[in-house]
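# A closer look at the structure
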Amino acid sequence: MSAISDEQEKTVVQLCSTCHKVSNLERSSGYSKQDWHSLISYMVNLDASSTKSNQISEYLAEKYPINDKRASKVIEGDMKLQFKYWQVPTLGQRARDPIQGKDGIIWWVGQWGNILGRLDPISGKMKEYTLPDGTYPHSVSLDKNLRPWFLGNKNGTIGYLDLNTETFKVFNMPDKKARDPHTGVFDNKGLFWFTLQHSNMIGKLDPSTGDIQLASLPTPNSRPYGIKLDSNGTPWVSCNGSNCLIKVNKQTMALDEITLPGKYTHTRRLAITPDDMVYYVNSGMGKLGKYNPKTAEISEWNTPSGRDSHPYAIEYADGAIWFNESAKRPETLVRFDLQTQTMQSWQIPSKEGVYSGLIRHMRMGNNGLIIHQTATNQLAEITWSK
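Residues numbered from 1 in each chain as written. Predicted model: local features only at pLDDT ≥ 70, side-chain atom pairs only at ≥ 80, totals over all residues. Heavy atoms only, no water.

A tally of regular secondary structure across the protein gives three helices and 28 strands. Expected size for 386 residues packed as a compact globule is a radius of gyration near 21 Å; at 21 Å, the protein falls within 12% of this value. Once the C-alpha set of the protein is aligned to its principal axes, its extents read approximately 65 × 50 × 40 Å. In the protein, which comprises 386 residues, the share counted as buried stands at 55%. Long-range pairs, those at least 24 residues apart, make up 48% of the contacts in the protein with a sequence separation of at least 6. In the form shown here, the protein has an accessible surface area of approximately 16,800 Å², with 46% of it arising from carbon and sulfur atoms. (Helix = DSSP H or I, 4+ residues; strand = E, 2+ residues; numbered from the N terminus. Rg over C-alpha atoms; globule rule 2.2 N^0.38 Å. Buried < 20%, exposed > 50% of the residue type's maximum accessible area, 1.4 Å probe, protein only. Contact = heavy atoms within 4.5 Å. Areas by Shrake-Rupley, 256 points an atom, 1.4 Å probe, with all protein chains shown as cover.)

Both strand 4 (residues 115–119) and strand 5 (residues 126–130) contribute to a ladder of five bridges, which runs antiparallel. Bridge pairing in strand 5 places R118 opposite K127. Counting the residues in the hairpin turn of strand 4 and strand 5 gives six residues, including G124, whose phi is positive at 80 degrees. (Pairing = 2+ DSSP bridges.)

As a further point, take the packing of aromatic side chains. Summed over the entire model, instances satisfying the criterion amount to 16 aromatic pairs. Residues W149 and F192 carry aromatic rings whose centres are separated by 6.0 Å and whose planes lie at 35 degrees to one another, so their mutual orientation is tilted. Taken together, the positions of W149 in strand 7 (residues 148–152) and F192 in strand 11 (residues 192–196) put the pair 43 residues apart, joining distant regions of the chain. Residue class for W149 comes out buried when judged on its relative accessible area of 0%. Both rings, one in F150 and one in F168, keep their centres 5.7 Å apart while their planes meet at 90 degrees; by these two values the pair is edge-to-face. Taken together, the residues span a long stretch of sequence, with F150 in strand 7 and F168 in strand 9 (residues 167–172) at a distance of 18 residues. Of the residues examined, F168 reaches a relative accessible area of 26% and is grouped as partly exposed. (Phe/Tyr/Trp six-rings, centres within 6.5 Å; stacked < 30°, edge-to-face > 60°.)

Glancing now at the state of the cysteines. Evaluation of the coordinates by the stated rule reveals one disulfide. The side chain of C239 participates in a disulfide bridge whose partner is C244; the two sulfur atoms lie 2.2 Å from each other. Residues C239 and C244 are joined through a disulfide that is left-handed, its torsion about the S-S bond being -100 degrees. The class of C239 is buried, set by a relative accessible area of 0%. With relative accessibility at 1%, the residue C244 sits in the buried group. (Disulfide = S-S within 2.5 Å.)

Attention shifts here to the nonpolar core. Ranked by internal contacts, the top residues of the largest apolar core, which has 16 residues, are L81, W322, M362, L369 and W384. Of all the secondary-structure elements, those providing two or more residues to this core are strand 22 (311–317), strand 23 (320–325), strand 27 (369–373) and strand 28 (378–385). Sequence-distant contacts of W322, that is, excluding residues within four places in its chain, are made with L81, A313, I314, E315, A317, L333, V334, R335, W346, M362, L369 and W384. Among the nonpolar cores identified, the runner-up in size contains 14 residues, and W149, I158, Y160 and L205 belong to it. (Core = buried A, V, L, I, M, F, W, Y, C linked by side-chain atoms within 4.5 Å.)

Bringing helix 2 (residues 33–43) into the picture now. Listing the buried residues of helix 2 in full gives D35, W36, S38, L39, I40 and Y42. As for helix 2, its buried residues are in contact with helix 3 (50–63) and strand 1 (80–87).

All right, on to the side chain of T195 then. Along the chain, the position of T195 falls in strand 11. Excluding residues within four positions of it along the chain, T195 makes contact with D180, P181, H182, T183, M201, P224, Y225, G226, I227 and V237.

In this section: the sheet that holds strand 27. Taken together, four strands build an open sheet; the order of strands is 1-28-27-26 and the sheet is antiparallel. Among the strands making up the open sheet, the edge pair consists of strand 1 and strand 26 (363–364). With eight bridges connecting them, strand 1 and strand 28 associate as antiparallel partners. By the bridge assignment for strand 28, Y85 is matched with A380.

So, about the pattern of salt bridges. Taken as a whole and assessed by the stated rule, the structure comprises seven salt bridges. Between E315 and K228 there is a salt bridge, and its shortest N-O distance comes to 3.4 Å. Residue E315 is found in strand 22, and its partner K228 is found in strand 14 (residues 224–229); the two are separated by 87 residues along the sequence. Of the two residues, E315 and K228, neither departs from the other in class, the shared state being buried. Several salt bridges converge on common partners, so that one network encompasses R96, D97 and R269. (Salt bridge = Lys/Arg side-chain N within 4 Å of Asp/Glu carboxyl O.)

In structure tokens, the structure reads:
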């Protein structure tokens, strides 16, 4: 292979740094020239410049060849998975947080493309809506009427798409300090509960009046991230910046902080089982955790790939807790059987040998888990059998 030229390096830095840190390349598992070319094609459209694409692929293959420094550990088992993928139309949008309604339609947001997307999984037909300027949505949720609600992570807004008029209704935060709505969930009364990570707040929106109430977390820089409801409609929140979980009083919005073990513990997201056990991913320590609200007992299990696996997304489904190990390549999906307390894991497939995905959120759909792969701008449905 020819020596890397200054022109090639400059081209790579200019292109890659527009979407992510160039240091991400150092943490990759490396690819051949052909596979680097495939990965780039999922991120940006370079069809009009085959020369540039060839230069970039050649540079990346020579400087970042195949390696196993972030290899995942797989635990074998009897469960078999099936994956069905869809490639979203607009590349570079960072598609994320898909959710499926009871009507079967899957909605997602493209955070960097300022997009709200709609997928009919039966026909494969997709439609993308451009959101109001500056929204840059982080997540999408569905209300009881299956309207998609987006969280404007960049401009401090929450809004929804009117399905009849295909126009947007937008609500602004009542406090300028509430800058970054993050993840949300509707309760059975139609109230929308949401986190604001860097604002260190939790919010509640009444769609019927537009009234928004906010509460700040007791510990600075706790960075509230994931949010779920238990069977009583009580919101629980994970802390991405501190070793805590938050229980929210749904009447008063008073916040009860539960301290988790380990000063390096931080929790991206959580899941709640039908018997109201709170499971969380200990992203900082590479563990799966459980908090029992009835006894205040905390239990933790090591993830298959260890301390540096950075478990990220998590969901309860079919008698098990599912989560991913986001720092590993190939990225893994792990199933923790609640009855046997044993784990099985799988390397998550992608297209043409490319494994750079990164699942940031997963939710149970009508038939299986609905996930995304941010880097390659794909949505997927995971089903299973024995």
